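Given next are the chains, with one letter for each unit.
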Amino acid sequence: MIHFYYGPGPNPEKIALFLAETGMPFEAIPVDTYRGAQHDAAFRTINPNGKVPALVDTDGPQGSSATLFDSTAILLYLAEKTGHFLARAQDRPELLSWLMFIATGLGPFSGQAVHFQHAAPEGLDYATTRYRREAERHYQVLNSHLEGRSFIVGDRYTIVDMSAWGWLGRATRVMKDEDRPLERWPNLARFMQMMNARPAVDRAHAIMSRHTFKTVMDADARQAMYPTSFSTTSKERVS
């Protein structure tokens, strides 16, 4: 059995899409990050980094239990476990490269762009501009790569497409104040239209909506989400 620990956000959504695509049996376990559930001791034994998603596979390698965190690691693990949505052998270097491009570039810079535009205190113009423009640059890199092709790697649908879909689906947050944020990147818009037409996307959204999470970014939520930025004691900063 797969135990899928999730909360609202693009990274858990990628895993929900993989599970929806494969029909693997799983238990979805909500972790309400705005309420600080990611910092509970029980969850920290699963992910010491205190973030979602995380996964426990009770039928892991050699029949032992396997615990994973980080959406990229989970996607790779599930793809290798099931044999689904991996590239052909000759395309594996490209798969790893683009998967890491999303994991270390598109995702983190998009996330920081969201943070500084929507959650950080005012007056941090340099950081806001830096992360917004870097997110835009990553969008352009991927847009150029998708010229004349349907999928990011080779000629087939892979976990790289799932990973990109998760973050590009947050374009309205990343590109604040733009009504049609992908209009500048037509290949990304076409890619997302193709992805969102997949039946599994509706099933993934259904998985993500099973639990009603806290959505109000009040003082408690800020403390839970950004403890190193809003804490006041050294002990809290360490946690």
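Residues numbered from 1 in each chain as written. Predicted model: local features only at pLDDT ≥ 70, side-chain atom pairs only at ≥ 80, totals over all residues. Heavy atoms only, no water.

(A) How the structure looks around the overall build of the chain. If you tally the helices and strands in the chain, you get 12 helices and four strands. On C-alpha atoms alone, the chain measures out to a radius of gyration of 18 Å, which is about the 18 Å that the 2.2 N^0.38 rule sets for 239 residues. The principal-axis extent of the C-alpha atoms belonging to the chain is close to 50 × 45 × 30 Å. Among the 239 residues that make up the chain, the fraction classed as buried is 49%. Intrachain contacts of the chain at a sequence separation of at least 6 include 69% that bridge at least 24 residues. Within the structure as shown, the chain displays about 11,900 Å² of accessible surface, and the carbon and sulfur contribution to it stands at 51%. In the chain, the 26 positive side-chain charges and the 26 negative ones have mean positions that sit 2 Å from each other. (Helix = DSSP H or I, 4+ residues; strand = E, 2+ residues; numbered from the N terminus. Rg over C-alpha atoms; globule rule 2.2 N^0.38 Å. Buried < 20%, exposed > 50% of the residue type's maximum accessible area, 1.4 Å probe, protein only. Contact = heavy atoms within 4.5 Å. Areas by Shrake-Rupley, 256 points an atom, 1.4 Å probe, with all protein chains shown as cover. Lys, Arg positive; Asp, Glu negative; His and termini not counted. Charge placed at Lys NZ, Arg CZ, Asp CG, Glu CD.)

(B) Structural context of the pattern of salt bridges. Taken as a whole and assessed by the stated rule, the structure comprises 15 salt bridges. A salt bridge links E21 to R198, with the shortest nitrogen-to-oxygen separation between them at 2.7 Å. In this pair, E21 sits in helix 1 (residues 10–22) while R198 sits in the loop between helix 8 (186–196) and helix 9 (199–208), placing the two residues 177 residues apart along the sequence. (Salt bridge = Lys/Arg side-chain N within 4 Å of Asp/Glu carboxyl O.)

(C) Representation of the side chain of H115 in the model. Turning to its location among the elements, H115 is positioned in helix 4 (residues 92–118). Judged by its relative accessible area of 14%, H115 is buried. Setting aside anything within four residues of it in sequence, one finds H115 in contact with A120 and Y226.

(D) Just the sheet that holds strand 4 (residues 66–69), in detail. Strand order in the open sheet formed by four strands is 2-1-3-4, and the pairing between neighbours is mixed. Each edge of the open sheet is held by one strand with a lone partner, namely strand 2 (26–30) and strand 4. On average, adjacent strands in this sheet sit at an angle of 15 degrees to one another, irrespective of strand direction. As paired strands, strand 3 (residues 54–57) and strand 4 are joined by four bridges and run antiparallel to one another. In the sheet register, A54 faces strand 4, and the bridge partner there is F69. Strands strand 1 (2–6) and strand 2 of the sheet are contacted by helix 1, whose axis makes an angle of about 150 degrees with strand 1. Sheet contacts for helix 3 (residues 71–82): strand 1, strand 3 and strand 4; angle to strand 4, the most-contacted strand, approximately 135 degrees. (Pairing = 2+ DSSP bridges. Axes fitted to C-alpha atoms, helices over the stretch in contact; angles between N-to-C directions.)

(E) Summary view of the pairing of strand 1. Of all five residues in strand 1, five are buried; the element is thus mostly enclosed. Of the two faces of strand 1, the one carrying I2, F4 and Y6 and the one carrying H3 and Y5 are both buried. Of the pairings in the sheet, the one linking strand 1 to strand 2 comprises five bridges and is parallel in character. Paired with F4 across the two strands is A28, which belongs to strand 2. Running through helix 1, the crossover from strand 1 to the neighbouring parallel element strand 2 is right-handed. (Right-handed = clockwise from strand over helix to strand, strands pointing away.)

(F) Layout of the nonpolar core. Among the nonpolar cores identified, the biggest contains 61 residues, and L78, Y139, L142 and I159 are the most heavily contacted of them. Ranked by residues supplied to this core, first place goes to helix 4 with eight residues. Dropping the residues within four chain positions of it, L142 is found in contact with W98, F101, L106, I152, A164, L168 and L188. In this structure, V31, I46, A54 and V56 belong to the second largest nonpolar core, which totals seven residues. (Core = buried A, V, L, I, M, F, W, Y, C linked by side-chain atoms within 4.5 Å.)

(G) Region of interest: the environment of G154. Position of G154 among the secondary structure elements: in the loop between helix 5 (125–145) and helix 6 (159–168). For G154, the residues in contact, after removing those within four places along its chain, are D91, E94 and R149.

These values are about where atoms sit, not about what they do.
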